[in-house]
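If you want the building blocks of each chain, they are given just below.
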Amino acid sequence: MAEEKRTRSPRKKPDRIPRQEMPVRSAQDRIQDFEEVALGFDAVLAQKEAQRCLQCPKQPCVDGCPVSVDITGFIHLITEGDFIGAARKIKETNLLPAVCGRVCPQEEQCEQVCVVGKIDEPVAIGRLERFVADYERNQGTVVLPEVAPPSGKKVAIIGSGPAGITVSYELLQAGHKVTIFEALHELGGVLIYGIPEFRLPKKIVAAEIDTIKKLGAEIKLNMLIGKTRTIDQLMNDDGFDAVFIGTGSGLPMFLKLPGENLNGISSANEFLTRVNLMKAYREEYATPVKVGKKVAVFGAGNVAMDAARSAKRVGGDDTEVSIVYRRARDQMPAREEEIHHAEEEGIIFNLLTNPIRFIGDENNHVKEIECVKMELGEPDDSGRRRPITIKGSEHLVEADTVIVALGTMPRKFIAETSPDIKTSDWGTFLVDEESGETSKKGVFAGGDIVTGSATVIQAMGAGRVAAKAIKEYLAEN
Ligand code: FAD
Ligand code: SF4
Ligand code: SF4
């Protein structure tokens, strides 16, 4: 008997379906234009990937999503072939699934806590979300949500990024009148002017934001609140019952080094805005952005990767683009996927290198950067090993275009004209975490203006919190 046990072949484990790869364009092909890099799942890939979901009763993935998308629900509908139903399930809590499916850092949110991820790669929740949202839009079957009867209350939304758009969507559905004030000439915030076309096509953003217009939001573009109109004027003279501030964190920080005001040096914010919003990479537009043959991008976050990859596309094949960063590769804050794509596209990583001054030519145009080499010392407050200058390592780096991507701070227009709204030393607005209400009655805030630069879905989550509180406030006032 014992002998028989020993010879019996081991029970075969059922084969796991591996995580499905999303097709992407080759690096050589995609650096020729601004068309999207990732091509998305088709129905076969999506259904195969959806089958990997275990439909966990506790749904940890839903807790990992800042807007609590019903992930189990929509993935189940995909397995049944009901792609439109799946898209509508997501839209119960997320107006922008085609955007979030593309740009959410899923590996730190829903997918990070996916149970399948403990034994294998997590279910590709973001890719599935993108697939059903694209499917619904391409089929032309997008429907508007039900709207409550008019409440007679008016709310001013300042800023049209993901935070402001989310609040608008929720309040419009509740029957409140919404007016969006936007400083720029297009709606969408960073989705439109920051994130490049090759990661997030603008027609997709516009299509998702269109719902707000169809629900009847009044749109006022080119209106800089704090200059053109103050919060007090909106509330006291223009009759708004409540205000939501979602103005983001768009003021760029610089290195503060000698020569930084030379021609050819700009912030990533300015560079990307010109490339995205003014279509400065297209010859038929009258606002060309100039990229030379040697581009140095300072910083190593997602914005730096976006700037470097955009510069490569604008400059062409003979333009050399480098990321210059004072720490090492594994300390770079950008998403691994973005770093990988940048490497594939030929971006050079000049690591453990720090600038000390910029040197110009006779026309005051940058031509070189004096840099020093760094080595890693003991960990600092952030837990990362501190970069220390190597003595005598000064050297010159040739550069005719410099892009500084060191981070951003909130602009001060509103804070300066509304001193009764309390702000932090950084200029972010201080709010009650449960409601998003500021120190000024009836004025709420959320998104990057409160947290500093964060993520699209966090801004949307803050928008949902504030919208709920605004509805309660309007019911009581
Ligand atoms: P914003 O999107 O900044 O929108 C604020 C809006 O308010 C803007 O349209 C602005 O013009 C307007 N405004 C400002 N002041 C005024 C005023 N006084 N009056 C009227 N209007 C005003 N996040 C991700 O999750 N994934 C990514 O891949 C990603 N990539 C990024 C790439 C770049 C280049 C950048 C810059 C950011 C990226 N982020 C990414 C971060 C993300 O885009 C932001 O966290 C998010 O957009 C914040 O949303 P928001 O609504 O708070 O503000
Ligand atoms: Fe995940 Fe973002 Fe979708 Fe939420 S919105 S489920 S975090 S991809
Ligand atoms: Fe499916 Fe992962 Fe969510 Fe479980 S945790 S329900 S496997 S997506």
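Residues numbered from 1 in each chain as written. Chains lettered and ligands numbered in written order. Predicted model: local features only at pLDDT ≥ 70, side-chain atom pairs only at ≥ 80, totals over all residues. Heavy atoms only, no water.

This paragraph deals with the overall build of the protein. Scanning the protein for helices and strands turns up 18 helices and 16 strands. Taking 23 Å as the expected radius of gyration for a compact globule of 477 residues, we find that the protein reaches 25 Å, a close match to that expectation. Based on the C-alpha atoms only, the size of the protein along its principal axes is roughly 80 × 80 × 50 Å. Here the protein holds 477 residues, and 51% of them are scored as buried. For the protein, restricting intrachain contacts to residue pairs at least 6 apart in sequence, the fraction spanning at least 24 positions comes to 71%. Positive and negative side-chain charges in the protein, numbering 61 and 71 respectively, have mean positions lying 2 Å apart. (Helix = DSSP H or I, 4+ residues; strand = E, 2+ residues; numbered from the N terminus. Rg over C-alpha atoms; globule rule 2.2 N^0.38 Å. Buried < 20%, exposed > 50% of the residue type's maximum accessible area, 1.4 Å probe, protein only. Contact = heavy atoms within 4.5 Å. Lys, Arg positive; Asp, Glu negative; His and termini not counted. Charge placed at Lys NZ, Arg CZ, Asp CG, Glu CD.)

Taking strand neighbours across the sheet as the criterion, the five strands line up as β3-β2-β1-β4-β16 in an open arrangement whose pairing is parallel. Each having just a single partner strand, β3 (218-220) and β16 (443-445) make up the two edges of the open sheet. Neighbour to neighbour, the strand axes of the sheet diverge by 20° on average, direction disregarded. As paired elements, strand β2 (residues 177-181) and β3 share three bridges and run parallel to each other. Across the sheet, Phe181 pairs through a bridge with Lys220, a residue of β3. Set on the sheet, helix α18 (residues 456-476) makes contact with β1 (154-158), β4 (242-245) and β16; between it and β4 the angle comes to about 170°. (Pairing = 2+ DSSP bridges. Axes fitted to C-alpha atoms, helices over the stretch in contact; angles between N-to-C directions.)

The next point concerns the site of ligand 3. In the vicinity of ligand 3, the contacting residues are Cys53, Leu54, Gln55, Cys56, Pro60, Cys61, Thr72, Cys114, Val115, Val116 and Ile125. For the shell around ligand 3, the class distribution of residues is nine nonpolar, two polar and no charged. (Near = heavy atom within 4 Å. Nonpolar A, V, L, I, M, F, W, Y, C, P; charged D, E, K, R; others polar.)

Moving on: the layout of surface pockets. Of the pockets and cavities examined, the second largest pocket occupies roughly 640 Å³. Lining the second largest pocket are 27 residues, and of these Met22, Gln106, Arg127, Arg335 and Glu337 lie nearest its centre. Within the residue set of the lining of the second largest pocket, elements represented by two or more residues are α7 (97-103), α8 (125-139) and α15 (336-344). Counting residues per element, the lining of the second largest pocket draws most heavily on α15, which supplies five residues. (1 Å grid on protein atoms, 1.4 Å probe; cavity = no way out; pocket = protein on both sides within 12 Å on 5 of 7 lines; lining within 4 Å. Points joined across faces, edges and corners; volume = space filled by probe spheres on them.)

Moving on to helix α3 (residues 43-50). One full turn of an α-helix is made of 3.6 residues, so residues set three or four places apart face in the same direction. Those residues of α3 lying buried are Leu45, Ala46, Glu49 and Ala50. In an axial view of α3, the angular spread of the buried residues amounts to 130°, which keeps them on one side of the axis. Lining the buried residues of α3 we find α5 (71-79) and α8. N-cap assignment for α3: the residue whose side-chain oxygen lies 3.2 Å from the backbone N of Val44 is Asp42. (Arc of directions from axis to C-beta. Polar contact = N/O pair within 3.5 Å; in protein donor to acceptor, adjacent residues only side chain to side chain.)

Once that is clear, we can look at the environment of Ile31. Along the chain, Ile31 turns up in the loop between α2 (27-30) and α3. Classification of Ile31 as buried rests on a relative accessible area of 8%. For the pair Ile31 and His340, spaced 309 residues apart in sequence, the C-alpha to C-alpha distance is 14 Å. Residues in contact with Ile31, not counting those within four places in the same chain, are Lys312, Arg313, Asp317 and Glu345.

A few words on the domain arrangement of the protein. How big an interface is tends to be reported as the loss of accessible area on association of its parts. As assigned here, the protein comprises domain 1 (27-139), domain 2 (154-250 + 410-476) and domain 3 (252-407). Once you take the C-alpha centre of each, domain 1 and domain 2 turn out to be 27 Å apart. A buried area of about 2000 Å², summed over both sides, lies between domain 1 and domain 2, and 75% of it is on carbon and sulfur atoms. The largest share of the area that domain 1 buries against domain 2 comes from Leu95, Leu96 and Val103, three residues that together contribute 31% of it. Connecting domain 1 to domain 2 are zero salt bridges. (Domains from an automatic or database assignment. Buried area = accessible area lost by both parts, 1.4 Å probe. Salt bridge = Lys/Arg side-chain N within 4 Å of Asp/Glu carboxyl O.)

Glancing now at the nonpolar core. By size, the foremost hydrophobic cluster in this structure holds 71 residues, and its most contacted members are Ile71, Phe74, Ile75, Ile78, Leu128, Val132 and Ile470. Ranked by residue count, the leading element in this core is α18, at ten residues. The two domains that each donate at least three residues to this core are domain 1 (27-139) and domain 2 (154-250 + 410-476). Aside from chain neighbours lying at most four places away, what touches Ile78 is Ala46, Gln47, Ala50, Phe83, Ala86, Leu128 and Val132. Grouped together as the second largest cluster of nonpolar side chains are 27 residues, Phe34, Val291, Ala304 and Val321 included. (Core = buried A, V, L, I, M, F, W, Y, C linked by side-chain atoms within 4.5 Å.)

What follows deals with the pairing of β1. Along β1, four of the five residues are buried, which leaves the element largely enclosed by surrounding structure. Note that β1 and β2 share five bridges and pair parallel. Across the sheet, Ala156 pairs through a bridge with Thr179, a residue of β2. For the crossover from β1 across helix α9 (residues 162-173) to β2, the handedness is right-handed. With four bridges joining them, β1 and β4 adopt parallel strand pairing. Pairing of Ile157 across the sheet is with Phe244, part of β4. (Right-handed = clockwise from strand over helix to strand, strands pointing away.)

Turning our eyes to something else, we now look at the site of ligand 1. Within the structure, ligand 1 sits among 34 residues, and Val103, Glu182, Arg199, Ile225 and Asp448 are positioned closest to it. A distance of 2.6 Å separates an oxygen atom of ligand 1 from a polar side-chain atom of Glu182. The fraction of the free accessible surface of ligand 1 (1000 Å²) that becomes covered by protein chains is 93%. Taken together, the elements giving at least two residues each to the shell around ligand 1 come down to α9, α10 (190-193), α14 (302-315) and α18. (Areas by Shrake-Rupley, 256 points an atom, 1.4 Å probe, with all protein chains shown as cover.)

Packed helix pairs are specified by the crossing angle of their axes together with the interaxial distance, meaning the distance between the axes. Following both chains from N to C, one finds α14 and α15 inclined at 20°, their axes separated by 10 Å at the closest point. Here α14 is positioned roughly parallel relative to α15, judged by the angle of their axes. Here α14 and α15 pass one another in a crossing that is left-handed. Residues Asn302, Met305, Asp306 and Arg309 of α14 pack against Glu338, Ile339, His341 and Ala342 of α15. Its residues assigned to classes, the contact of α14 with α15 shows three nonpolar, two polar and three charged. (Parallel < 35°, antiparallel > 145°, perpendicular 65-115°, else oblique. Left-handed = near helix turned anticlockwise from the far one by under 90°.)

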